[in-house]
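# Report on the structure
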There are 2 protein chains.
Amino acid sequence: MNASRTARERARAELTREIKDEARRQLAVDGAGRLSLRAVARELGLVSSALYRYFPTRDDLLTALIIDAYDALGAAAEAADAARPRDDPRGRWRAVAAAVRDWALAHPHEYALIYGSPVPGYQAPQDTVAPAARVALAIVGVVRDAWSAGALEARPSPALSPVLAEQTAKLAELIAPDLPGEVLTRLLIVWTQVFGMLSFELFGQLVGSVDPSDEFYAHAVERMADFVGLPPDGPDSTKGPA
Amino acid sequence: MNASRTARERARAELTREIKDEARRQLAVDGAGRLSLRAVARELGLVSSALYRYFPTRDDLLTALIIDAYDALGAAAEAADAARPRDDPRGRWRAVAAAVRDWALAHPHEYALIYGSPVPGYQAPQDTVAPAARVALAIVGVVRDAWSAGALEARPSPALSPVLAEQTAKLAELIAPDLPGEVLTRLLIVWTQVFGMLSFELFGQLVGSVDPSDEFYAHAVERMADFVGLPPDGPDSTKGPA
DNA sequence: TCCATGTCAAGAGCAGTGCTCTCGTTTTTG
DNA sequence: CAAAAACGAGAGCACTGCTCTTGACATGGA
């Protein structure tokens, strides 16, 4: 059914894709704030007003790019995860963390688009939440499998406050019914940690301290694995960095 | 010597301040991307070109706002720290962390200005690094004092890689000659963690999980204190949240 | 086959932006 | 007191997102 669309529909789909591609190209050069509909149209040999048939507003184009970015990052994380044996939690976690950073470094402006300050006057529509959750779910999946396999080491920590316990319980219901709130809380900490480091690195906050930050990131990733209780490498598993 | 300046100099200083104030006001409403020189001028009863005598470019105005924001945040952190007894490391850490979050929540757009994605086409000049370091130094100070007092609990962790060891050694030279690289690395992790959480909260990434995130933040702050080895509360010290 | 319908790109135009340059006026300085 | 420097006003340039209208074209039903 994809091939048998009317000529107009095919043309429309193709132009939509071309617009996004060109916009992404400009995004990579100038950043989101400088994305100009007119420039995109110019580059495509169109007149600016023509673009409005495809994206009714600049924000709609941005939204499309945001969704694509979330999807690309999520796909990268999932692929890295899937490439590792299911019963190697730390290896999977390491792979996902590395994939996320690699993607971020390769697409800094797209990263900034989704994890940086919200674009001025732009309100993220509901359509973005599902793709946004993909990366997070990949991370959760690793810990979830470890938990199910009984491979997650216990980490002593004080009880959660009632509010936090309820929040995490509600969250667990949605994404990981088997995980206890304590583990989920640690997971949230680790999750924010990863993107905290990446944002600092990409936004230049680390310049003058640990820059380049490959090793710092790798080190922190291991400490985070410890923190959530992922078992250390087995003696036979391929170790991480030298 | 401040009072005896020429009338022109006083007028200039005052107008410069007024421009920044008005810009900050607009920032709080619309965000950095929408900051308009013309609008600021309009509000001040000036013609737009007149502003260029005070800030040669829009980016220069932004830079001034950025420096002010860093300074305000740094001052808030320092004040919170100073209000606690020097020999209560965890209390100080808790106070600093809370002050940072309070400031961020009270000035979300200014926070986004300094910790969000860099403004399009904007390159942070060198003048910003000193004010930017203030918050970080406040955090470091807490741990440093604890270390000097022998109050920092040891945390077992694998040796740092050579590169990371060298990076942290160099960093220690600058800001905390007494701290070992292992501690400084943990500090860096904690530092990025704090702002990772705040960015996620402010940029709407936490919506649907732990939002509002007061309790999550407070909980994480304690876990981070544990992580760097800050001693737990004494029996007599005023405990944190209920 | 023909024709009404809906879709399309183009073009002009509006209000807004950052920024530059010039021109009188005012203040400071030598 | 005169030369010099600093100032605000105004016009203007190139750009932006966006709207509205116009004429050409493909599509599907009679």
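About the thresholds
- Residues numbered from 1 in each chain as written.
- Chains lettered and ligands numbered in written order.
- Predicted model: local features only at pLDDT ≥ 70, side-chain atom pairs only at ≥ 80, totals over all residues.
- Helix = DSSP H or I, 4+ residues; strand = E, 2+ residues; numbered from the N terminus.
- Buried ≥ 20, exposed ≤ 12 C-beta atoms within 10 Å, placed from the backbone.
- Contact = placed C-beta atoms within 7 Å.
- Near = placed C-beta within 6 Å.
- Nonpolar A, V, L, I, M, F, W, Y, C, P; charged D, E, K, R; others polar.
- Least-squares fit on C-alpha atoms with pLDDT ≥ 70 in both.
- pLDDT = per-residue confidence, 0-100.
- Expected span 1.5 Å × (residues − 1).
- Axes fitted to C-alpha atoms, helices over the stretch in contact; angles between N-to-C directions.
- Parallel < 35°, antiparallel > 145°, perpendicular 65-115°, else oblique.
- Left-handed = near helix turned anticlockwise from the far one by under 90°.

### A word on the overall build of chain A
Each helix and strand in chain A was counted, giving ten helices and zero strands. With the principal axes as the frame, chain A shows a C-alpha extent of 60 × 45 × 40 Å. Here chain A holds 242 residues, and the buried ones make up 42% of them. Residue pairs at least 24 apart in sequence account for 68% of intrachain contacts in chain A once pairs closer than 6 positions are excluded.

### Some details on the protein's contact with DNA strand C
Within the structure, DNA strand C sits among 21 residues, and A:Ser49, B:Ala7, B:Ser36, B:Ser49 and B:Arg58 are positioned closest to it. Looking at the surface near DNA strand C residue by residue, the classes come out as eight nonpolar, six polar and seven charged.

### Comments concerning the interface of chain B and chain A
Contact with chain B, which involves 41 residues of that partner, is made by 41 residues of chain A. Residue assignment for the side of chain B that touches chain A shows that the elements contributing at least two residues are α8 (162-175), α9 (181-202) and α10 (214-228) of chain B. In terms of residue count, the dominant contributor to the side of chain B that touches chain A is α9(B) (ten residues). Its residues assigned to classes, the side of chain B that touches chain A shows 20 nonpolar, 17 polar and four charged.

### Things to note about the relation of the copies chain B and chain A
The two chain copies are related to each other by a rotation about an axis together with a translation along it. For the pair chain B and chain A, the best superposition has an RMSD of 0.1 Å and corresponds to a rotation of 180° with a translation of 0.0 Å parallel to the axis. Taken together, the rotation and translation relating the two chain copies correspond to the operation of a two-fold axis. Taking C-alpha positions as reference, the residue of chain B nearest the rotation axis is B:Gly196, located at 1.7 Å. A shared interface surface links the copies, since 100% of the contact residues of chain B are contact residues in chain A too.

### With respect to the confidence of the model for chain A
Note: predicted coordinates in regions of low pLDDT should not be interpreted at a detailed level. In the predicted model, chain A carries a mean pLDDT of 91, and the fraction of residues at 70 or more is 91%. The model gives residues 236-242 of chain A a pLDDT under 50, and that stretch makes six contacts with residues more than four places away or in other chains.

### Side note on the protein's contact with DNA strand D
Around DNA strand D sit 21 residues, and of these A:Ala7, A:Ser36, A:Ser49, A:Arg58 and B:Ser49 come closest. Every element with two or more residues in the surface near DNA strand D is listed here: α1 (7-30), α2 (37-43), α3 (48-51) and α4 (58-82) of chain A together with α1 (7-30) and α3 (48-51) of chain B. Tallied by class, residues from the surface near DNA strand D come to eight nonpolar, six polar and seven charged.

### Overview of α1(B)
In this model, α1(B) (24 residues) spans 34 Å end to end at C-alpha, consistent with the 34 Å of a helix rising 1.5 Å per residue. Within α1(B), burial applies to B:Ile19, B:Ala23, B:Arg24 and B:Leu27.

### A closer look at the packing of helix α7 (residues 129-148) of chain B against α9(B)
Angle between the axes and distance between the axes: these two values describe a pair of packed helices. Residue and element names in this part refer to chain B. At a closest axis distance of 11 Å, the pairing of α7 and α9 adopts a crossing angle of 140°. By the criterion of interaxial angle, the relationship of α7 to α9 is oblique. As α7 packs across α9, the resulting crossing turns out to be right-handed. Seen from α7, the contacting residues are Ala136, Ile139, Val140, Val143 and Trp147; seen from α9, they are Val183, Leu187 and Trp191. Of the residues contributing to the contact of α7 with α9, the split by class is eight nonpolar, no polar and no charged.

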